[in-house]
Amino acid sequence: MNAQVSQLFDLSERVAIVTGATKGLGRSMAEGLAGAGASIAVVSRDQDACSKVADEITARTGQVALGVACHMGEWDALPVLVDTVRARFGRIDILVNNAGINPAPTSVIDMSQEYLDKLFAVNVKGPVRLAGLVAPVMAARGQGSVINVSTVGAYAGGANFGAYTSAKAALINFTKVMAKEWASMGIRVNAISPGPFNSTMMQGAAKHDAEFSTRAGAATMQHRVAECDEIIGAAVYLASDASSFVTGEDHVVAGGMLRA
Amino acid sequence: MTPPTFRLDGKVALITGGSKGLGRAMALAFAEAGADVVVASRKAEACEEVAAEVRALGRRSVAVGCHVGVWSECESLVARTVAELGRLDVLVNNAGIAPVPPSLEGVTEDLFDKTVAVNLKGPLRLSGVAAAHLPDGGSIINISSVASVRPSPHTVVYAAAKAGLNAVTKAAAQELGPRGIRVNAIICGTFQTDSFARSMPSDEVARQLASRIPLGRIASADEIVGTALFLASDASSYMTGALLSLDGGVS
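The numbering scheme is per chain: residues are counted from 1 as the chain's sequence reads. Lettering of chains starts at A and numbering of ligands starts at 1, both following the order in which they are written. Reporting in this predicted model follows two pLDDT cut-offs: at least 70 for local features of residues, and 80 or more for side-chain atom pairs to be given and counted; totals over whole chains, interfaces and linings ignore these cut-offs and use all residues.

1. As for the overall build of chain A
Item 1. Numbering goes from the N terminus for both helices and strands, where a helix is a DSSP run of H or I of at least four residues and a strand is a run of E of at least two. A count of helical and extended segments in chain A gives ten helices and seven strands.
Item 2. The globule rule puts the C-alpha radius of gyration for 260 residues at 18 Å, and the 17 Å found for chain A is close to it.
Item 3. Projected onto its principal axes, the C-alpha coordinates of chain A cover approximately 50 × 40 × 40 Å.
Item 4. By residue count, 55% of the 260 residues in chain A fall in the buried class.
Item 5. Each residue gets a C-beta atom placed from its backbone, and two residues are in contact if those atoms lie within 7 Å. When contacts within chain A are restricted to residue pairs at least 6 apart in sequence, long-range pairs at least 24 apart make up 72% of them. Using C-alpha atoms as the atom set, the radius of gyration is obtained and then compared with a globule rule of 2.2 Å times the number of residues to the power 0.38. Three classes are used. A residue is buried when 20 or more other C-beta atoms lie within 10 Å of its own, exposed when 12 or fewer do, and partly exposed in between, with C-beta atoms placed from the backbone.

Structure representation (structure tokens):
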């Protein structure tokens, strides 16, 4: 066992797809997984941004990184993404479904069909479809780890953020469903639900509510907002063999913010 | 960016129930990760064997016989840790017992008191005593059980005690959070340990049990190591008050 301990969190030879990887938590996780030895497909809508971040990750970690543009809300674009990654790397071991959108606050009374459809397309349909396409690739080698990024708000529900928090709640349920469906294929599926991080999304929320970040930090047991790099440990733990008996579980990384 | 290392260099860990099973696996893994380790359990001689294994890995180790169900023994265990190894960074409340009562009516006062003493009273007191010494960045890990969230008649007392431990986890996390001390629990499913093997009437029963676990198998004792190192180290710096299932997908 002793020889294994230093290898438990090692991701050498593994290939990871990280969506929403050009900024915020996704960017941290992509670089963190590369730091643990993985090759990375850096995915977001903007090819230039993907290529730039991929180059930066390679420069900083020495690992191979490939920028691939893809819109998570476009059902038919996702098979192209998977084919591209497979053609370049030959395998997929890790999928981090991190891409998500949380637009301007909208009450249920004011919610339009277009708004709801857009939120669910990017936050639920895209991640579920992508996982469904990646799972057979993982199954071919008998191992894989899918990490769906939700939010602590999925438990509490957020006033005026209902489309976002309910979509993320659906993603947690899908996490448990996928875990059960794919356990026999050697694929583990878990979620990470971040609380208040000093992320791009949090900075976006501050545009509508200047005190949002301060209040959110005060609502945690640790009385603070986290830096983006503090998400990396959970991602590497769940991606690696260190969590070999963990599946179907949501990991709330929120400084002890109560689930309400 | 400083990537997490999952290392425990320069830290001191105290592990109760450390002489066998999951406790021994964690003691050796923590030593491998750079920590000095206090190995505590009812049986000092068994602890000494594990302490010798820790020393063979190049770390310091102290074996301490201790009944965690006794308030004063918790106090002397922590005092001895700090006196002999100079500090305390990680407390793992792992000691536990799960005697099986014949029925609800058949739960004796003795069985109840012993079960609650080891699984709930001890961890609460040890956490309280340890908190005075834990630094910013300190971590308490409570080893709970899937029984705490999915109780059954034959685990009624054990399950209730572990459910209490889950509550202690959240309350302690809230109190100690502002000081930078994190408190989390691992909700363990079925692990291949000596006490598990003794509790299985036959291989067939064990096979049936494994077939009800989505991952299709019972965990080896070593499979707690990754979760324990994650929670003990700075890799989980923004996790506290969490109850993490380690159960092969059961819950």
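The rest of the description comes next.
2. Some remarks on the interface of chain A and chain B
Item 1. With 36 residues of chain A at the interface, the matching set in chain B holds 38 residues.
Item 2. Mapped onto the side of chain A that touches chain B, the elements with two or more residues apiece are α1 (2–5), α2 (24–35), α7 (162–182), α10 (232–239) and β7 (250–253) of chain A.
Item 3. Per element, the largest residue contribution to the side of chain A that touches chain B is five residues, and it comes from α10(A).
Item 4. Of the residues contributing to the side of chain A that touches chain B, the split by class is 17 nonpolar, 14 polar and five charged. Under the scheme applied here, ten amino acids are nonpolar (Ala, Val, Leu, Ile, Met, Phe, Trp, Tyr, Cys and Pro), four are charged (Asp, Glu, Lys and Arg), and all others, including Gly, are polar.

3. Topic: helix α2 (residues 44–56) of chain B
Residue and element names in this part refer to chain B.
Item 1. Helix span is expected to be 1.5 Å times the residue number reduced by one. Taking 1.5 Å of rise per residue, 13 residues should cover 18 Å, and α2 covers 18 Å from first to last C-alpha, within 8% of that figure.
Item 2. Listed as buried for α2 are C47, V50, A51 and V54. One face of α2 carries all of its buried residues, which in axial projection span an arc of 105 degrees. Opposite the buried face of α2, by more than 90 degrees, sit the exposed residues E45, A52 and A56. By arc we mean the arc of the directions from the helix axis to the C-beta atoms, nothing more.

4. Considerations on the pairing of β7(A)
Taken residue by residue, a regular strand's side chains alternate between the two faces of the sheet.
All names here are of chain A.
Item 1. Alternating residues of β7 divide into D250 and V252 and H251 and V253, and every residue in both groups is buried.
Item 2. Bridge count for strand β6 (residues 187–194) against β7 is four bridges, and the pairing is parallel. Of the residues in β7, the one forming a bridge with I192 is H251. Pairing between strands requires that DSSP locate at least two bridges from one strand to the other.

5. Some details on the sheet that holds strand β2 (residues 39–44) of chain A
Within a beta sheet, neighbouring strands are joined by backbone hydrogen bonds and run either parallel or antiparallel to one another.
Residue and element names in this part refer to chain A.
Item 1. In spatial order, the strands read β3-β2-β1-β4-β5-β6-β7; together these seven strands make up an open sheet with parallel pairing. Sheet topology places β3 (65–69) and β7 at the edges, where each strand pairs with a single neighbour. Going from strand to strand, the sheet's axes swing by 15 degrees on average, the running direction of each strand aside.
Item 2. The pairing of strand β1 (residues 15–19) with β2 spans five bridges and is classified as parallel. Its bridge partner lying in β2, A16 is registered against I40.
Item 3. Strands in contact with α2 are β1, β2, β3, β4 (94–97), β5 (144–149) and β6; relative to β1, the strand with the most contacts, it is inclined by about 170 degrees.
Item 4. Its contacts with the sheet place α10 against β1, β4, β5, β6 and β7, and it is angled at close to 150 degrees to β5. Between N-to-C directions, angles cover 0 to 180 degrees, with each direction set by a line fitted to C-alpha atoms, over the stretch in contact for helices.

6. Quick notes on the sheet that holds strand β6 (residues 182–188) of chain B
All names here are of chain B.
Item 1. With parallel pairing, seven strands are arranged side by side in an open sheet as β3-β2-β1-β4-β5-β6-β9. If you trace the sheet from one side to the other, it starts and ends with β3 (61–65) and β9 (243–246), each paired once. In this sheet, neighbouring strand axes are inclined to one another by 15 degrees on average, regardless of whether the strands run parallel or antiparallel.
Item 2. Summarising the sheet, β6 and β9 pair through four bridges and their orientation is parallel. The residue of β9 that forms the bridge with I187 is S245.
Item 3. Lying on the sheet, helix α3 (residues 71–85) is in contact with β1 (12–16), β2 (36–41) and β3; it crosses β3 at an angle near 160 degrees.
Item 4. The strands touched by helix α4 (residues 109–131) within the sheet are β1, β4 (90–93) and β5 (139–145), with β4 carrying the most contacts at an inclination of about 175 degrees.

7. Remarks on the packing of helix α5 (residues 113–141) of chain A against α7(A)
Residues and elements named next belong to chain A.
Item 1. The contact between α5 and α7 brings their axes to 9 Å, and the two run at 15 degrees. With respect to their mutual orientation, α5 and α7 come out roughly parallel. The crossing of α5 and α7 is right-handed. Judged by residue contacts, Y115, L116, L119, F120, N123, V124, P127, V128, A131 and A135 of α5 engage A163, Y164, A167, K168, A170, L171, F174, M178 and W182 from α7.
Item 2. A breakdown of the residues in the contact of α5 with α7 according to their chemical character gives 17 nonpolar, one polar and one charged. These descriptions rest on fixed angle ranges, namely under 35 degrees for roughly parallel, over 145 for roughly antiparallel, 65 to 115 for roughly perpendicular, and the rest for oblique. Note: crossing handedness is left-handed where the near helix turns anticlockwise from the far helix by less than a right angle, and right-handed where it turns clockwise.

8. Let's talk about the packing of α3(B) against α4(B)
All names here are of chain B.
Item 1. Here α3 crosses α4 at 40 degrees, and the two axes come no closer than 9 Å. One finds that α3 runs oblique with respect to α4. For α3 against α4, the interelement crossing comes out right-handed. Contact with α3, carried on its side by W71, C74, E75 and V78, involves G122, R125, L126, V129 and A130 of α4 and no other residues of that element.

9. Overview of the pairing of β3(A)
Item 1. The buried fraction of β3(A) is high, at four of five residues.
Item 2. Running through helix α3 (residues 47–61) of chain A, the crossover from β2(A) to the neighbouring parallel element β3(A) is right-handed. If you view a crossover with the strands going away from you and the path from the first strand over the helix to the second runs clockwise, you call it right-handed.

10. Re the environment of Q63(A)
Residue and element names in this part refer to chain A.
Item 1. The topology assignment puts Q63 in the loop between α3 and β3.
Item 2. Along the backbone, Q63 and A235 are 172 residues apart, and their C-alpha atoms lie at a distance of 17 Å.
Item 3. Among all residues touching Q63, those that are not within four sequence positions of it are A34, G37, A38, S39, I40, I57 and T58.

11. Brief notes about unusual backbone geometry
All names here are of chain A.
Item 1. A positive phi angle, close to 80 degrees, is found at E13, a residue other than glycine.
Item 2. Within the secondary structure, E13 is located in the loop between α1 and β1.
Item 3. By C-beta crowding, E13 is classed as exposed, having 10 other C-beta atoms within 10 Å.
Item 4. A positive phi angle is found at H223, which is not glycine, with a value near 55 degrees.
Item 5. With respect to the helices and strands, the residue H223 is situated in the loop between α9 (212–218) and α10.

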